[in-house]
Structures are given as structure tokens and as C-alpha cells.
Amino acid sequence: MEEKRKLYTLLVYSENIAGILNQITAVFTRRQVNIESLNVSASSIEGVHKYTITAWSDEDQIVKITRQIEKKIDVIKANYFTDDQLFIRETGLYKLATQKVLENPEISRTIRRHDASITEVNPTYVIVMKNGKTEDILSLYYALNDFDCVLQYTRSGRIAVTRAKQEQVSEFLEERELHCR
């Protein structure tokens, strides 16, 4: 029986070394798993960067990918999670035609109903920003698209923190520090 694919989020921690992103993404490429979203930023630990990667896969494959990533010399720690194990957010930006927004007050009501905010207005376009879960951002996009007013749309990569008190990498680094003494 084939295991069902689902969306996994990998949190990978590494030192800020040139070329490590290429090494990490190559693991997905070799296993022919497409990366759905990728976000890289500094973490709460000085000198450590955090990669938030989402991919559709089955658990067996994601376990293998996580292990291969963790074997990379500059990777400190890698773990995979399902959505219920994380607090997740994205940002959506919508560029709307100003004229259409002015002509149809239902567009503004739709923006407010979706808890989005208008961040810029000029004679050509209106910029709307929505923070939230993927499905909420997509829902607003589909609603605005029905008004035929969307000029451009983009969604950020996922950012996530675990629901645990502290990141697993913190526990790992504390243990490593104890063993090095």
C-alpha cells in the first residue's frame, strides 16, 4: 500500500556558510521532491541560520531527506514537522487596480472581511497585505480575483516556530556543549 503524500515542513539550522543552501536543495533534487516554499533567515541563536522548507512527500521519503540534510557538515540540526506541530504564517501581497477598487465598494468590504490591510494607494494601484495561513491568503486572492481587479499577487514562503517551549536546536546545542566540556 502506497503511503499518502502530505505537506511537511523541515526546519534546518546551520552556520551561515556560503553554499549550504545549494547543498540542502540538492538533497531534494536527488530524491525528485519539489520544494513548495523556502525561507531562510537568521534564527534566535547568534550565528545560526534557520531554513524553513515545505515539500509534499510521504513520511518515509521525508525522513530520508531530513537525515541526509543533517549529515551535511555545516548543518547543526534538521527536523521535519506536520502543520499541527507548528505555528505557521505567511504574507500575501495583492496589487489591485485603483479604478476598480473605487468603482466597487464590495472590494473594500471583502478586504476588511478577510482582515487584510491596505498599505498603499495611488492613482494606478492599491496594495493590500494579508498575514495568516496559506488557505486564508489564497481565499482572499480568489475573492479579489472574482472582481477582476488583481494586477499582481505574491505569497511569501512559510515561516514557522515549533509549539514546544524552545526550538529543538536549542536543546541539541545545550547537550552538545555539555558533552564538549
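Once a new chain begins, its residue numbering starts again from 1 and follows that chain's sequence as written. Two thresholds apply to this predicted model, a pLDDT of at least 70 for residue-level local features and 80 or more for giving and counting side-chain atom pairs, whereas whole-chain, interface and lining totals are computed over all residues. Remark: hydrogens and water are excluded; side-chain values derive from all non-hydrogen atoms of the structure.

J.: Hey, could you run me through helix 5 (residues 134-146) in this one?
T.: Helical periodicity: at 3.6 residues per turn, an α-helix aligns residues three or four positions apart in one direction. Secondary structure elements follow DSSP: runs of H or I no shorter than four residues count as helices, runs of E no shorter than two count as strands, and numbering proceeds from the N terminus. To estimate the expected span of a helix, subtract one from its residue number and multiply by 1.5 Å. Spanning 13 residues, helix 5 covers 19 Å between terminal C-alpha atoms, matching the ideal 18 Å at 1.5 Å per step. To sort residues, take the accessible area from a 1.4 Å probe on protein chains only and compare it with the maximum for the residue type: under 20% means buried, over 50% means exposed, and anything in between is partly exposed. All of the buried residues along helix 5 are Thr134, Ile137, Leu140, Ala143 and Leu144. Contacts are residue-level and defined by heavy atoms, with any inter-residue pair within 4.5 Å sufficient. Residues of helix 5 that are buried make contact with strand 5 (86-97), helix 4 (105-113), strand 7 (125-132) and strand 8 (150-155). Positive backbone phi, at 55°, marks Asp148, one or two positions downstream of helix 5.

J.: Sorry, what's going on with the pairing of strand 7 here?
T.: A regular strand carries its side chains on alternate faces of the sheet. Bridge count between strand 5 and strand 7: eight bridges; the pairing is antiparallel. Paired with Lys95 across the bridge in strand 7 is Ile127. Here a strand pair is declared whenever DSSP counts at least two bridges between the two strands. Where strand 6 (residues 117-121) and strand 7 come together, four bridges link them in antiparallel fashion. The partner of Val121 across the bridge, within strand 7, is Val126. From the end of strand 6 to the start of strand 7, which pair antiparallel, there are three residues.

J.: Whenever I open this one, the layout of surface pockets confuses me. Can you help?
T.: A water-sized probe, rolled over the atoms, reveals where empty space remains. Using only the protein atoms, space was sampled on a 1 Å grid; points where a 1.4 Å probe fits but cannot get out form cavities, open sets with protein on both sides within 12 Å along at least five of seven lines form pockets, and lining residues are those with an atom within 4 Å of a point. Grid points are joined across faces, edges and corners, and a volume is the space filled by probe spheres set on the points. In this structure, the largest pocket spans a volume of roughly 150 Å³. The wall of the largest pocket is formed by Asp83, Leu86, Phe87, Ile88, Arg89, Lys133, Thr134, Glu135, Arg158 and Arg163. Within the residue set of the lining of the largest pocket, elements represented by two or more residues are strand 5 and helix 5. Ranked by residues supplied to the lining of the largest pocket, first place goes to strand 5 with four residues. A class-by-class count of the residues in the lining of the largest pocket yields three nonpolar, one polar and six charged. Ten residues, namely Ala, Val, Leu, Ile, Met, Phe, Trp, Tyr, Cys and Pro, are considered nonpolar, four, namely Asp, Glu, Lys and Arg, are considered charged, and the remaining ones, Gly among them, are considered polar.

J.: In this structure, what is going on with unusual backbone geometry? I would like to understand it.
T.: For residues that are not glycine, phi is negative in most cases, and the peptide bond is trans in most cases. Phi is positive for Gln32, close to 55°, though the residue is something other than glycine. Examined against the element boundaries, Gln32 turns out to sit in the loop between helix 1 (20-30) and strand 2 (35-42). One non-glycine residue, Asp148, adopts positive backbone phi at about 55°. As for its placement among the helices and strands, Asp148 is situated in the loop between helix 5 and strand 8. Look at Asp148 and you get exposed, because its relative accessible area is 54%.

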